[in-house]
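# Structure assessment
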Amino acid sequence: MRLAVIADIHGNDLALEAVLADIDAQGITDIVNLGDHLSGPLNAARTGDILMERAIPSIRGNHDRYLLTVDPRDMGLSDRAAFDELKPEHREWLATLPVAHVHRQTFFLCHATPTDDETYWLEALTADGTVHRAARSAIEAEAVGIDYPIILCGHTHIPRVVRLSDGRLVVNPGSVGCPGYTDSRPVAHKVEAGSPHARYAIVEQSGTEWDVTFRSVTYDWTAMSQLAGRRNRLEWASVLATGFIA
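Values in this document were obtained by computation on a predicted structure and should not be read as measured data. (Residues numbered from 1 in each chain as written. Predicted model: local features only at pLDDT ≥ 70, side-chain atom pairs only at ≥ 80, totals over all residues. Heavy atoms only, no water.)

### Some details on the pairing of strand β4 (residues 107-110)
Of the two faces of β4, both are covered, the one formed by F107 and L109 as well as the one formed by F108 and C110. Where strand β3 (residues 100-103) and β4 come together, four bridges link them in antiparallel fashion. Opposite H101, over in β4, you have L109 as the bridge partner. What sits between the antiparallel neighbours β3 and β4 is a turn of three residues, in which R104 has the positive phi angle 55°. Of the pairings in the sheet, the one linking β4 to strand β7 (residues 150-152) comprises three bridges and is parallel in character. Each residue of the ladder has a partner; that of L109, found in β7, is L152. (Buried < 20%, exposed > 50% of the residue type's maximum accessible area, 1.4 Å probe, protein only. Helix = DSSP H or I, 4+ residues; strand = E, 2+ residues; numbered from the N terminus. Pairing = 2+ DSSP bridges.)

Here you go:
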């Protein structure tokens, strides 16, 4: 059993195309998608078209929820930029997506945690905004009742795998299309991948254990950075070009 895991595309169609091409080159036909598909100042509609055509099993992330439920006048800049591009068929597709999914009776899919689409799971924050790996006890507390060998999550854009005490793995594949961001909740902090690559993960059964491989894929990130710059989103322009927030 071999599965490609993608997440947090955020409207970056060129990154998505590069990742899907890399997955195809690996000979992998089984793919799942963990949400936050379209939000961003990039190419939301075209990203939606690609995902709808590929019919990849997908779930809804917090920004997908915002696109469906928040008044456009109250949306953040990235959500509003995406909303203004979307056609009815894109919103209809988002509305069909579940908040969680079990794939092949083996993989449990959620966006952030099994019970919330905004809470950090594999990461925690210190009072000064430093992002670090969460304690295993805290991670395990969120995994209670999820009786599948592989639990897949996204949201923080940080590739990470944590082995729980009972052998289950929790895997975050990193972000396909957004290698960093800032947030003010619960304290001001930033996440930086450190390079502009598009990221995903491969999970493969090896005997009774599971191998996890993180892939970093090149694509034309200069074009996407310039697009963000033309749309006056300088933070996005910086992180798309470098993996760091200027």
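### Some details on the sheet that holds strand β13 (residues 209-217)
Neighbouring strands of a sheet are bound in pairs by backbone hydrogen bonds; such pairs are parallel or else antiparallel. Spatially, four strands are ordered β2-β1-β12-β13 in an open sheet, and the strand pairing comes out mixed. With partners counted over all chains shown, the strands left at the sheet margins are β2 (31-33) and β13, one partner each. For this sheet, the mean inter-axis angle between neighbouring strands, taken without regard to orientation, is 25°. Bridge count for strand β1 (residues 2-6) against strand β12 (residues 198-206) is four bridges, and the pairing is antiparallel. Considered in β12, the bridge of L3 is made with V203. (Axes fitted to C-alpha atoms, helices over the stretch in contact; angles between N-to-C directions.)

### Points about the nonpolar core
By size, the foremost hydrophobic cluster in this structure holds 39 residues, and its most contacted members are I6, L16, V19, I23, L67, Y200 and Y219. Among the elements of the structure, β1, α1 (13-25), α2 (44-54), α4 (77-85), α5 (88-96), β12, α7 (221-230) and α8 (234-242) are those that each provide at least two residues to this core. It is α1 that contributes the most residues to this core, six residues altogether. Among the nonpolar cores identified, the runner-up in size contains 15 residues, and A7, L34, F107 and L109 belong to it. (Core = buried A, V, L, I, M, F, W, Y, C linked by side-chain atoms within 4.5 Å.)

### With respect to the pairing of β1
In terms of burial, β1 is a largely internal element, four of the five residues being buried. As paired elements, β1 and β2 share three bridges and run parallel to each other. Residue pairing in the sheet places A4 in a bridge with I31 of β2. Following the backbone out of β1, through α1 and into the adjacent parallel β2, one traces a crossover that is right-handed. (Right-handed = clockwise from strand over helix to strand, strands pointing away.)

### Points about the pattern of salt bridges
Under the criterion given, the structure shown has 15 salt bridges. Residue R46 pairs with D13 through a salt bridge whose shortest N-O separation is 2.8 Å. Of this pair, R46 sits in helix α2 while D13 sits in helix α1, placing them 33 residues apart in sequence. Overall, D13 belongs to the buried group, its relative accessible area being 3%. Ionic pairing is found between R65 and D117, a salt bridge with its closest N-O pair at 2.7 Å. Remark: D117 occurs in the loop between β4 and β5 (123-125) and R65 occurs in helix α3 (residues 62-69); sequence separation between them is 52 residues. With a relative accessible area of 28%, R65 lands in the partly exposed category. (Salt bridge = Lys/Arg side-chain N within 4 Å of Asp/Glu carboxyl O.)

### Notes on the side chain of D36
Along the chain, D36 falls in the loop between β2 and α2. We note that D36 is buried and unpaired, the nearest opposite charge coming from R65 at a distance of 8.4 Å. Of note is the side chain of D36, whose polar atom sits 3.3 Å from the side chain of H111. Once residues lying within four places of it in the same chain are set aside, the contact partners of D36 are D8, I9, H10, G61, N62, H63, D64 and H111. (Lys, Arg positive; Asp, Glu negative; His and termini not counted. Polar contact = N/O pair within 3.5 Å; in protein donor to acceptor, adjacent residues only side chain to side chain. Contact = heavy atoms within 4.5 Å.)

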